[in-house]
Amino acid sequence: GDSVTQMEGPVTLSEEAFLTINCTYTATGYPSLFWYVQYPGEGLQLLLKATKADDKGSNKGFEATYRKETTSFHLEKGSVQVSDSAVYFCALSDRSQGNLIFGKGTKLSVKP
Amino acid sequence: NAGVTQTPKFQVLKTGQSMTLQCAQDMNHEYMSWYRQDPGMGLRLIHYSVGAGITDQGEVPNGYNVSRSTTEDFPLRLLSAAPSQTSVYFCASSSHGQAILGYTFGSGTRLTVV
């Protein structure tokens, strides 16, 4: 079945450092891909999305490009802030039912 | 504020007890779902519904029941709680079942079964 694999955490960075969180997927067909963010004590929020190969999703300085050839959707940010500390989830949507399938999440801590 | 409302926020149950986790949305979304979040496991789909009167199983449905009598509400029932059901539960909704439009998540229910 469809699945998502993302890098293990936790990831600890200093403020203004470059962030990459790796995400790869296995799916039949061409799923849509997402990054969700969960701040402490809250539910998940959609961060960005891409619906087809070579699409780039972006929001709040974060970017991810849908790479069909490598089945990847890595999350990047050029300069992280303390306020970016959260858990990040990569996900794909199951084409048949539209359900979201999540990776295990990567906890990011940004130190001042 | 529009969104997904989950109650209660916290609950402690004894093994064997039953309870219902409530989920309500006021966005007229057809699609609603329940996930559980466990450390190192990400979010796993329990049950989902594509409209009133229609429900289906997700990845981990055992031990849980759902019903969808109205568009707004999608309660999750634990019939006989077990320690393995200790988790954080999230309800989510979307329009027309379209994940691409973005899911709206509730703030979660933290359940402990002792």
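Because the structure is predicted, anything quoted here is derived from the model rather than measured.

This paragraph deals with the nonpolar core. Of all hydrophobic cores here, the largest spans 26 residues; its most connected members are Trp35, Leu47, Leu48, Phe73, Leu75 and Tyr88 of chain A. Broken down by secondary-structure element, the contributors of at least two residues to this core are strand 2 (11–14), strand 3 (19–21), strand 4 (23–26), strand 5 (32–38), strand 6 (44–50), strand 8 (62–65), strand 10 (86–93) and strand 12 (106–111) of chain A. The element that contributes the greatest number of residues to this core is strand 10 of chain A, accounting for four residues. Look past the residues within four positions of Tyr88 of chain A in its chain and what remains in contact with it is Gln6, Ile21, Trp35, Tyr36, Val37, Leu47, Phe62, Leu75, Gly105, Thr106 and Leu108 of chain A. In this structure, Met19, Leu21, Trp34 and Val60 of chain B belong to the second largest nonpolar core, which totals 19 residues.

Another aspect to go through is the side chain of Thr65 of chain A. Counting through the fold element by element, Thr65 of chain A comes out in strand 8. Leave out the neighbours within four places in its chain, and Thr65 of chain A touches Asp54, Asp55, Lys56, Ser72, Phe73 and His74 of chain A.

As a further point, take the state of the cysteines. Each disulfide is one covalent bond, formed between the sulfur atoms of two cysteines. Residues and elements named next belong to chain A. The final tally for this structure, using the stated rule, is two disulfides over all chains. Here Cys23 engages in a disulfide with Cys90; their sulfurs sit 1.9 Å apart. Classification of the bridge connecting Cys23 and Cys90 rests on its S-S torsion, roughly -70°, and on that basis the disulfide is left-handed. With Cys23 in strand 4 and Cys90 in strand 10, this pair connects stretches of sequence that are 67 residues apart. Since its relative accessible area comes to 1%, Cys23 is described here as buried. On the basis of relative accessibility, which here comes to 1%, the residue Cys90 falls in the buried class.

What follows covers the packing of aromatic side chains. Residues and elements named next belong to chain A. Scanning the entire structure with this criterion turns up 14 aromatic pairs over all chains. Judged by centre distance (6.3 Å) and plane angle (45°), the rings of Phe34 and Tyr36 are tilted. Ring geometry for Phe89 versus Phe102: centroids 6.2 Å apart, planes at 85°, classification edge-to-face. Of this pair, Phe89 sits in strand 10 while Phe102 sits in strand 11 (residues 100–102); the two residues are 13 residues apart in sequence, bridging distant segments of the chain. Here Phe89 and Phe102 have matching classes, each one buried.

Definitions and cut-offs
Residues numbered from 1 in each chain as written. Chains lettered and ligands numbered in written order. Predicted model: local features only at pLDDT ≥ 70, side-chain atom pairs only at ≥ 80, totals over all residues. Heavy atoms only, no water. Core = buried A, V, L, I, M, F, W, Y, C linked by side-chain atoms within 4.5 Å. Buried < 20%, exposed > 50% of the residue type's maximum accessible area, 1.4 Å probe, protein only. Helix = DSSP H or I, 4+ residues; strand = E, 2+ residues; numbered from the N terminus. Contact = heavy atoms within 4.5 Å. Disulfide = S-S within 2.5 Å. Phe/Tyr/Trp six-rings, centres within 6.5 Å; stacked < 30°, edge-to-face > 60°.

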